[in-house]
Protein chains: 4
Amino acid sequence: MPERPSDPHSPRAPYMRVLDALVAEIEEGKYEPGAKLPSEPELAERFGVARMTARRALRELREQGIVETEWGKGTFVKRSD
Amino acid sequence: MPERPSDPHSPRAPYMRVLDALVAEIEEGKYEPGAKLPSEPELAERFGVARMTARRALRELREQGIVETEWGKGTFVKRSD
Amino acid sequence: MPERPSDPHSPRAPYMRVLDALVAEIEEGKYEPGAKLPSEPELAERFGVARMTARRALRELREQGIVETEWGKGTFVKRSD
Amino acid sequence: MPERPSDPHSPRAPYMRVLDALVAEIEEGKYEPGAKLPSEPELAERFGVARMTARRALRELREQGIVETEWGKGTFVKRSD
DNA sequence: GTGGTCTAGACCACT
DNA sequence: GTGGTCTAGACCACC
């Protein structure tokens, strides 16, 4: 449950828009546990942001324990939810 | 299977982990001058990395003058330390 | 299935046994045009030969224009049969 | 797509083809001292090789002291020729 | 957006 | 059966 409504009145960093969208899609089950998220370039293009921004969103997801990243392979939704 | 093939948060890149381990073992005398190091596939399996990563560590050892590589034979600890 | 029985009386180089078997399988359609042949280690194990022997058979197939090899990818049955 | 990504029968490995071409262009003055070489992905596409192969050629140029690489910026022809 | 590192797998050249 | 090179793609650290 997103306790983070994207309030257009409160300035919100672009990476949070990506983050929120990914969190929502994971919760909706679009990306099931174990599934691979889109690559950084794909996320960047899809959300119309710089690659750094996509990376930052993924890092946030990682630090929140929602996904796991494996070098050279990709970023995956954690199974141990 | 290695539980965590490589931790992106680790302060040292995977190839440095392999490098450090080999340097330590050579210094400890596990591999004496003239001795043959394990083959690249063996190192890869032992450290849970791709062969290219094992190769990267061996290249570093070679450039540091610690080992010598002979085509089709293997990598050996240098005698002229 | 092998229409080229390996006659123990006529001395036949080991690589030719592999070669004959592969030619037969390609003609039988086991490997269709564009299909990937087994890798060198796989052929070596399957026929109980050294890897060099498997390689030599593949090279022969290549020189006969039956297959094409792409570096880093594999060996494939030619489409322009 | 490149018609023949790399010919295994070629006397020179693919990375040497890239290396030779770059050396020639630098000597011809196409890239003057201080100039930036094309990026790795660009070289890879131009020569029809994998990025690692383009990198291999650049590494050779670097070790020969012909170019310098700056992190996150690019590879440049050395001024102190 | 670059160069740096990594995965996983293939074939090549040589001993 | 080793080290050498290659493919095709990923993420990382830095500018």
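Numbers given for residues are sequential positions, taken from 1 along each chain in its written order. Lettering for chains starts from A, numbering for ligands starts from 1, and both go in the order in which the items are written. Confidence filtering applies because this is a predicted model: local features only for residues at pLDDT of at least 70, side-chain atom pairs given and counted only at 80 or more, and all residues used for totals across whole chains, interfaces and linings. Excluded from the side-chain calculation are hydrogens and water; included are all heavy atoms of the structure.

Undergrad: Help me get a handle on the overall build of chain A, residues and values and all.
TA: Put simply, DSSP H or I for four residues or longer makes a helix, DSSP E for two residues or longer makes a strand, and each gets a number counted from the N terminus. If you tally the helices and strands in chain A, you get 3 helices and 2 strands. Secondary structure elements in chain A, listed N-terminal to C-terminal, are α-α-α-β-β. Accessible area is worked out with a 1.4 Å probe on protein chains only. A residue is then buried under 20% of its type maximum, exposed over 50%, and partly exposed in between. Out of the 81 residues in chain A, the part that is buried amounts to 36%. Contact definition: two residues touch when any of their heavy atoms are within 4.5 Å. By sequence separation, contacts in chain A at least 24 residues apart represent 49% of the contacts at least 6 residues apart. Roughly 5400 Å² of accessible area belongs to chain A as shown, and the carbon and sulfur atoms make up 51% of that amount. Only the protein chains shown count as covering a residue, and every accessible area follows the Shrake-Rupley method with a 1.4 Å probe.

Undergrad: Tell me about the pairing of strand 2 (residues 74-77) of chain C, and please be specific about residues and values.
TA: Residues and elements named next belong to chain C. Taking every second residue as pointing to the same face, both faces of strand 2 are buried, with Gly 74 and Phe 76 on one and Thr 75 and Val 77 on the other. Here strand 1 (residues 67-70) pairs with strand 2 via 4 bridges, running antiparallel. Counted as the bridge partner of Glu 68 is Phe 76 from strand 2. The turn linking strand 1 back onto strand 2 is made up of 3 residues, and Gly 72 within it adopts a positive phi angle of 75 degrees. When DSSP finds two or more bridges between two strands, those strands count as paired.

Undergrad: Kindly report on the protein's contact with DNA strand F, identifying the contributing residues and their values.
TA: In this text, near means that some heavy atom of the residue lies within 4 Å of the molecule or strand in question. Around DNA strand F, the surrounding shell holds 40 residues, and the nearest of these are Met 52 and Arg 55 of chain A, Arg 51 of chain B together with Pro 14 and Thr 53 of chain D. The share of sugar and phosphate among atoms of DNA strand F within 4 Å of the protein is 70%. Each polar contact in these results corresponds to two N or O atoms within 3.5 Å; when the atoms are within protein, one needs to be able to donate a hydrogen and the other to accept it, and residues that are neighboring in sequence are counted only if both atoms are side-chain atoms. The contact in question runs from a base nitrogen of DNA strand F to an N or O atom on the side chain of Arg 51 of chain B, over 2.5 Å. Within the backbone of Gly 72 of chain B, an N or O atom sits 3.4 Å from a base nitrogen of DNA strand F. Put simply, the parts of the chain that give the surface near DNA strand F at least two residues each are helix 3 (51-63) of chain A, helix 2 (40-47), helix 3 (51-63) and strand 2 (74-77) of chain B together with helix 1 (14-28) and helix 3 (51-63) of chain D. Amino acids are sorted into nonpolar (Ala, Val, Leu, Ile, Met, Phe, Trp, Tyr, Cys and Pro), charged (Asp, Glu, Lys and Arg) and polar (every other residue, Gly among them). Residues of the surface near DNA strand F, tallied by class, amount to 15 nonpolar, 12 polar and 13 charged.

Undergrad: Pulling in residues and values, what's your account of the packing of helix 2 (residues 40-47) of chain C against helix 3 (residues 51-63) of chain C?
TA: Residues and elements named next belong to chain C. All axes are obtained by fitting lines to C-alpha atoms, using only the stretch in contact for helices, and the reported angles, taken between N-to-C directions, cover 0 to 180 degrees. Close contact between helix 2 and helix 3 brings their axes to 8 Å; oriented N to C, the two are set at 110 degrees. As the angle between them shows, helix 2 and helix 3 are arranged roughly perpendicular. Helix 3 is crossed by helix 2, and the crossing has right-handed handedness. Between helix 2, through Glu 40, Pro 41, Leu 43 and Ala 44, and helix 3, the contact on the second element is made entirely by Arg 51, Ala 54, Arg 55 and Leu 58. Broken down by class, the residue content of the contact of helix 2 with helix 3 amounts to 5 nonpolar, no polar and 3 charged. Any angle between 65 and 115 degrees counts as roughly perpendicular, while under 35 counts as roughly parallel, over 145 as roughly antiparallel, and the rest as oblique. In this scheme the crossing of two helices becomes right-handed for a clockwise turn of the near helix relative to the far one and left-handed for an anticlockwise turn of less than a right angle.

Undergrad: Before we move on, could you go through the pattern of salt bridges and cite the residues and values that matter?
TA: One side-chain nitrogen of Lys or Arg within 4 Å of one carboxyl oxygen of Asp or Glu is enough to make a salt bridge. On inspection of all chains with the given rule, the structure shows 24 salt bridges over all chains. As a salt-bridge pair, Glu 40 of chain A and Arg 55 of chain A come within 2.9 Å of each other at their nearest N and O atoms. Residue Glu 40 of chain A is found in helix 2 (residues 40-47), and its partner Arg 55 of chain A is found in helix 3; the two are separated by 15 residues along the sequence. The closest approach of N and O atoms between Arg 46 of chain B and Glu 25 of chain B, which form a salt bridge, is 2.4 Å. With Arg 46 of chain B in helix 2 and Glu 25 of chain B in helix 1 (residues 14-28), the pair connects residues that are 21 residues apart, well separated along the chain. The class for Arg 46 of chain B is partly exposed, based on a relative accessible area of 40%. Residues participating in the shared-partner salt-bridge network are Glu 25, Lys 30 and Arg 46 of chain A.

Undergrad: An account of helix 3 of chain A is requested, with residue identities and associated values reported.
TA: Residue and element names in this part refer to chain A. For helix 3, spanning 13 residues, the distance from its first C-alpha to its last is 18 Å, which sits close to the expected 18 Å at 1.5 Å a residue. Restricting attention to buried positions, one finds in helix 3 the residues Thr 53, Ala 54, Ala 57, Leu 58, Leu 61 and Arg 62. Next to the buried residues of helix 3 lie helix 1 (14-28), helix 2, strand 1 (67-70) and strand 2 (74-77). Gly 65 sits one or two positions beyond helix 3 and adopts a positive phi of about 75 degrees. For a helix, the expected span equals 1.5 Å multiplied by the residue count minus one.

Undergrad: Talk me through the layout of surface pockets; I want residue IDs and the actual numbers.
TA: Put simply, the second largest pocket is a space of about 1300 Å³. Here a cavity is any set of points on a 1 Å grid over the protein atoms alone where a 1.4 Å probe fits but cannot get out, and a pocket is any open set with protein on both sides within 12 Å along at least 5 of 7 lines; a residue lines the site when it has an atom within 4 Å of a point. In terms of lining, the second largest pocket is formed by 38 residues, of which the most central are Glu 40, Arg 51, Arg 55 and Trp 71 of chain B together with Arg 51 of chain C. Looking at the lining of the second largest pocket, the elements with two or more residues in it are helix 2, helix 3, strand 1 (67-70) and strand 2 of chain B together with helix 2, helix 3, strand 1 and strand 2 of chain C. For the lining of the second largest pocket, the element with the most residues is helix 3 of chain C, which contributes 5 residues. Split into classes, the residues belonging to the lining of the second largest pocket amount to 11 nonpolar, 11 polar and 16 charged. Grid points are joined across faces, edges and corners, and a volume is the space filled by probe spheres set on the points.

Undergrad: Hey, could you go over the packing of helix 1 of chain D against helix 3 of chain D for me, with residue numbers and the actual values?
TA: All names here are of chain D. For the pair helix 1 and helix 3, interaxial distance at closest approach is 8 Å and the crossing angle is 50 degrees. It follows from the interaxial angle that helix 1 and helix 3 lie oblique. As helix 1 runs across helix 3, the sense of the crossing is right-handed. Residues Pro 14, Tyr 15, Val 18, Leu 19, Leu 22 and Val 23 of helix 1 pack against Thr 53, Arg 56, Ala 57, Leu 58, Glu 60 and Leu 61 of helix 3. Looking at side-chain class alone, the contact of helix 1 with helix 3 contains 9 nonpolar, 1 polar and 2 charged residues.

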